Amino acid sequence: MPPESDKWGWKHVSVFGGFDKGSGTKRWKCNHCNLRYNGSYSRVRAHLLGFSGVGVKSCPAIDRSLREAFQILEEERLARRKKRISGSEKPGKRIRTSRPSGTCVSKEDVDDIVARFFYADGLNVNVVNSPYFREMTKAIASYGPRYEPPSIDELSDSFLSKEKGRVEKSVALVKESWTHTGCTILCVGRLESMLGCFNVNIFVSSPRGLVFVKAVYIDDTDGADNLFVGVLADVITEVGPGNVLQIISHLEHANLLFGSLILTKFPHLFWSPCTSHSIHRLMDEIAELDWIKSVVICAKEIEQCIITYQQFSPSMFPENLKGCPDPLALKFAPFFCIVQRIFELKQPLQELVVSEEWKQWKLNAPEDAVNIEAAILGDNLWSSARLLLQLFEPFVRLLVILDIDRLVMGDICNWRVQALETVRSKGIGGVTLNQLEELIENRWDVLFSPLHAAGYILNPRYFGNGQAKDKTVMRGWKATVERYESESANRRLLREQLSSYWRLEGSFGDEDAVDCRDKMDPVVWWENFGFETPHLQTLATKVLSQVSSVTMCQEICQDNCSPYLETANRFGVERVEDLVYVQNNLRINSQRNGMSYSLSGTRNVNSCSLSGVKILDGACVDQPKVTASIQGKL
């Protein structure tokens with residue numbers, strides 16, 4: 001009987017328990033359509049693959065492409081089963097043998113050998129967290145003591161080619177969806193201090209998943225701007241210009257230069273900044289408003305003063321001023337965390353500054369201790385701090401959401417509306433409110449793509465939120481339509497069909513369409529109810545299928561921090577591109593399948609830069625040296 005881990009269908013249902021202990025009969029619910037059934041794995045498989053005759057219905061929420069992907073998983077499972085059966089009957093070249101008599105190796109002995117391997121070869125110990133490492137050790141243990149590992153030549157040639165073929169097969173399933181949902185090209189740049197250049201990793205994102213395409217190294221040399229843009233243009237051509245809706249770049253000031261060059265070649269594309277980075281910048285600019293800045297400065301002074309006091313009498317105030325329950329808030333909005341922590345310690349701080357120990361310490365304390373004491377005992381600081389925390393809460397909440405890959409276009413504009421409504425509801429004075437609204441209004445078009453506005457209009461969850469009266473939203477919709485459609489007749493058709501959507505004409509006014517606005521995935525909603533407005537349906541499907549941040553790529557990129565020099569010397573230049581392509585897509589695949597993969601820390605083997613070879617992708621290509629004069633831009 002095949003192991004449960006080999007039955008891929010269990011990952012797509014929620015199991016509530018079994019009827020009989022040890023039996024395969026279980027209660028389960030499909031994660032796609034929420035239908036509930038009782039039965040063994042054969043019913044799960046039939047439900048997902050659309051088989052009939054076993055007492056379950058075909059899953060109505062699975063489209064053709066996803067069902068084809070399930071069929072491939074099933075074929076691979078059957079092939080593994082056949083291989084296990086044939087292997088037990090007819091041993092091949094490599095056979096599993098029993099341990100020789102008299103040999104006894106304890107678990108501790110094996111652990112010592114594994115640890116010695118890591119230490120002797122300088123491997124990052126975090127490799128043990130890799131699902132592929134665990135898979136490898138189990139496979140070796142299952143095979144037995146006569147296992148002989150592949151040679152260097154095999155690893156750098158035949159096995160690498162074989163693994164690349166498997167990766168490309170998996171990537172092909174993702175590529176099939178690009179014509180329907182569109183896709184986003186993600187450019188994530190980072191400084192390689194050891195190499196003295198910048199590394200730009202290029203990914204393609206779609207609802208089906210993330211795909212790593214290339215790694216480009218950019219040096220400080222004249223004429224490289226156009227060369228890098230040429231590489232990016234090649235990626236767009238490879239993906240299909242009609243499939244690409246936007247490019248999200250995390251290259252900061254280089255955005256303007258690269259964006260203008262790309263849009264000259266592909267005028268229908270959107271060059272979008274990373275939303276999480278833009279939110280961060282917007283929060284920093286809001287924090288520079290006078291009344292907010294004064295609260296932050298006061299909170300920092302209190303923090304520093306109390307830290308100094310703790311050195312004098314640590315037992316009297318043991319609280320940790322540096323603590324923050326939300327690491328994302330600490331990363332993106334440190335000033336918010338400082339004010340929040342000081343505000344939470346209001347009562348202990350007020351009790352401290354009236355204690356005898358404080359009075360004794362204050363005699364030899366810095367002069368500003370008196371002012372800090374007055375601020376802690378007064379009301380102005382606390383009322384302003386409360387207002388600041390209420391103001392920034394929507395901003396911080398969105399930063400947490402942005403760490404989720406499933407963020408839907410339109411959420412950003414809805415967040416903007418909620419943030420301003422929050423400001424208005426907190427009784428902030430007219431001048432301050434005008435400053436906030438003017439700052440957000442003036443910076444919005446610079447920091448955010450017009451696709452956000454289009455998503456806010458087309459996302460059924462936000463239907464009826466007054467988008468037609470919001471100047472910022474309608475300005476973004478206008479920009480989206482004018483760039484997406486070059487023909488005026490098609491632009492007019494899109495606007496007419498949008499009016500039909502807003503007026504609930506045809507299928508939009510059906511009871512199910514109205515009821516399912518906030519209950520269905522926005523893209524699924526348009527696929528079901530937008531058929532009478534096909535042009536708007538296509539645009540909505542593509543816009544609402546896109547991501548808005550490079551967050552999903554950062555864990556992959558963080559591990560690409562050291563050159564592949566030694567490995568490249570062994571593999572040969574012509575194979576390094578395949579190695580980087582396979583490595584990054586295997587990591588992405590493990591994340592897509594729900595397997596933990598975190599190799600944070602310094603690594604000896606990862607990325608690569610060789611003289612004359614600057615483009616690392618999945619093919620052996622002879623590319624020119626790609627350099628760019630962008631010191632200080634990434």
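Rules used in this analysis
- Residues numbered from 1 in each chain as written.
- Predicted model: local features only at pLDDT ≥ 70, side-chain atom pairs only at ≥ 80, totals over all residues.
- Heavy atoms only, no water.
- Helix = DSSP H or I, 4+ residues; strand = E, 2+ residues; numbered from the N terminus.
- Buried < 20%, exposed > 50% of the residue type's maximum accessible area, 1.4 Å probe, protein only.
- Contact = heavy atoms within 4.5 Å.
- Areas by Shrake-Rupley, 256 points an atom, 1.4 Å probe, with all protein chains shown as cover.
- Axes fitted to C-alpha atoms, helices over the stretch in contact; angles between N-to-C directions.
- Left-handed = near helix turned anticlockwise from the far one by under 90°.
- Nonpolar A, V, L, I, M, F, W, Y, C, P; charged D, E, K, R; others polar.
- Phe/Tyr/Trp six-rings, centres within 6.5 Å; stacked < 30°, edge-to-face > 60°.
- Core = buried A, V, L, I, M, F, W, Y, C linked by side-chain atoms within 4.5 Å.
- Domains from an automatic or database assignment.
- Salt bridge = Lys/Arg side-chain N within 4 Å of Asp/Glu carboxyl O.
- Expected span 1.5 Å × (residues − 1).
- Patch = residues over 30% accessible without salt bridge, like charges linked within 9 Å, V, L, I, M, F, W, Y side chains within 5 Å.
- Lys, Arg positive; Asp, Glu negative; His and termini not counted.
- Charge placed at Lys NZ, Arg CZ, Asp CG, Glu CD.
- Arc of directions from axis to C-beta.
- Polar contact = N/O pair within 3.5 Å; in protein donor to acceptor, adjacent residues only side chain to side chain.
- pLDDT = per-residue confidence, 0-100.
- Parallel < 35°, antiparallel > 145°, perpendicular 65-115°, else oblique.

Novice: Can you explain the overall build of the protein? Please cite residues and give values.
Specialist: The number of helices and strands found in the protein is 28 helices and nine strands. Taking all 634 residues of the protein together, the buried fraction comes to 47%. When contacts within the protein are restricted to residue pairs at least 6 apart in sequence, long-range pairs at least 24 apart make up 69% of them. Carbon and sulfur atoms make up 52% of the accessible area of the protein, which totals about 32000 Å².

Novice: Could you give an account of the side chain of Asn585, with specific residues and numbers?
Specialist: Secondary-structure assignment places Asn585 in helix H28 (residues 573–592). A relative accessible area of 5% means that Asn585 is categorised as buried. For Asn585, the contacting residues outside a window of four places in its chain are Val167, Val171, Val211 and Phe212.

Novice: Summarise the packing of helix H11 (residues 290–312) against helix H13 (residues 334–344); cite the residues concerned and give the values.
Specialist: For the pair H11 and H13, the least separation of the axes is 9 Å and the interaxial angle reads 60 degrees. As for the relative orientation of H11 and H13, their crossing is left-handed in sense. In this structure, H11 contributes Val295, Val296, Ala299, Lys300, Ile302 and Glu303 to the contact, and H13 contributes Phe335, Ile338, Val339 and Ile342. Each residue belonging to the contact of H11 with H13 can be placed in one class, and the counts come to eight nonpolar, no polar and two charged.

Novice: Explain the packing of aromatic side chains to me, using residue names and the numbers behind them.
Specialist: One pass over the structure, following the stated rule, counts 22 aromatic pairs. With centroids separated by 5.5 Å and ring planes inclined at 50 degrees, the aromatic side chains of Tyr309 and Trp358 adopt a geometry described as tilted. Here Trp358 lies in helix H15 (residues 356–362) and Tyr309 lies in helix H11, a separation of 49 residues in the sequence. Using a relative accessible area of 0% as the deciding quantity, one classes Tyr309 as buried. On the basis of relative accessible area, Trp358 is assigned to the buried category, the value being 0%. Between the aromatic rings of Tyr501 and Trp526, the centroid separation amounts to 5.1 Å while the plane-to-plane angle is 45 degrees, which identifies the pairing as tilted.

Novice: Run through the nonpolar core, naming residues and quoting values.
Specialist: With 89 residues, the main nonpolar core has Ile286, Ile292 and Phe392 as its most contacted residues. When residues of this core are assigned to domains, at least three map to each of domain 4 (275–404) and domain 5 (440–548). When neighbours within four sequence positions are excluded, Ile286 is seen to be in contact with Ile292, Phe392, Phe395, Leu436, Leu439 and Ile440. In terms of nonpolar packing, the next biggest core, distinct from the first, is built from 33 residues, Trp178, Val204, Phe228 and Ile247 among them.

Novice: Give a description of the environment of Gln467 that names residues and reports values.
Specialist: Looking at where Gln467 falls in the secondary structure, it is placed in the loop between helix H20 (450–458) and helix H21 (471–484). With a relative accessible area of 3%, Gln467 lands in the buried category. Through-space distance from the C-alpha of Gln467 to that of Cys413 is 9.8 Å; in sequence the pair is 54 residues apart.

Novice: Which residues make up the pattern of salt bridges, and what values do they have?
Specialist: If you walk through the whole model with that rule in mind, you get 17 salt bridges. Across the pair Arg77 and Glu74 runs a salt bridge, and its minimum N-O distance is 2.9 Å. Of this pair, Arg77 and Glu74 both sit in helix H2 (residues 64–89), three residues apart, which is roughly one turn of that helix. Between Glu344 and Arg341 there is a salt bridge whose closest N-O contact spans 3.4 Å. In this pair, Glu344 and Arg341 are both assigned in helix H13, three residues apart and thus about one turn of the helix distant. The network of salt bridges with common partners includes Arg45, Glu74 and Arg77.

Novice: Could you give an account of unusual backbone geometry, with specific residues and numbers?
Specialist: Only a minority of non-glycine residues have a phi that is not negative, and only a minority of peptide bonds are not trans. For Asn34, which is not glycine, the phi dihedral falls at a positive 70 degrees. The residue Asn34 is located in the loop between strand S2 (26–30) and strand S3 (36–39) in this model. For Leu504, which is not glycine, the phi torsion reads 60 degrees and is therefore positive. In this structure, Leu504 sits in the loop between helix H22 (488–502) and helix H23 (511–515). Judged by its relative accessible area of 34%, Leu504 is partly exposed.

Novice: Can you explain helix H6 (residues 158–175)? Please cite residues and give values.
Specialist: In this model, H6 (18 residues) spans 25 Å end to end at C-alpha, consistent with the 26 Å of a helix rising 1.5 Å per residue. Listing the buried residues of H6 in full gives Leu160, Lys164, Val167, Val171, Leu173 and Val174.

Novice: Explain a nonpolar patch on the surface to me, using residue names and the numbers behind them.
Specialist: Taken together, Val105, Val110 and Val114 make up a surface patch of nonpolar side chains, about 190 Å² in accessible area. Within the secondary structure, Val114 sits in helix H3 (residues 107–120).

Novice: Break down a negative patch on the surface for me, citing the residues and quoting the values.
Specialist: Taken together, Asp510, Glu511, Asp512 and Glu532 make up a surface patch of like negative charges. The topology assignment puts Asp510 in the loop between H22 and H23. Using a relative accessible area of 39% as the deciding quantity, one classes Asp510 as partly exposed.

Novice: Provide a residue-level description of helix H24 (residues 522–529), including the pertinent values.
Specialist: Here H24 has its buried residues at Pro522, Val523, Trp525, Trp526 and Phe529. Angularly, the buried residues of H24 cover 160 degrees about the axis, an arc narrow enough to put them on a single face. For H24, the side-chain oxygen to backbone nitrogen distance between the N-cap and Val523 is 3.0 Å, and the N-cap itself is Asp521.

Novice: Can you lay out the confidence of the model for the protein for me, pointing to particular residues and giving the numbers?
Specialist: Averaged over all residues, the pLDDT of the protein is 78; the fraction at 70 or higher stands at 76%. In this model residues 89–102 is a low-confidence stretch, pLDDT under 50, and it forms 14 contacts with partners more than four residues away in sequence or in other chains. Within the model, pLDDT remains below 50 along residues 561–566, and this stretch shows 26 contacts once partners closer than five positions in the same chain are excluded.

Novice: Requested: an account of the packing of helix H10 (residues 275–287) against helix H19 (residues 430–447), with residues and values cited.
Specialist: The contact between H10 and H19 brings their axes to 11 Å, and the two run at 150 degrees. The angle between the axes of H10 and H19 places the two elements in the roughly antiparallel class. Where H10 crosses over H19, the handedness of that crossing is right-handed. Facing Ser278, Arg281, Leu282, Glu285 and Ile286 of H10, the residues of H19 in contact are Leu436, Leu439, Ile440, Arg443 and Leu447. For the contact of H10 with H19, the residue count by class is six nonpolar, one polar and three charged.

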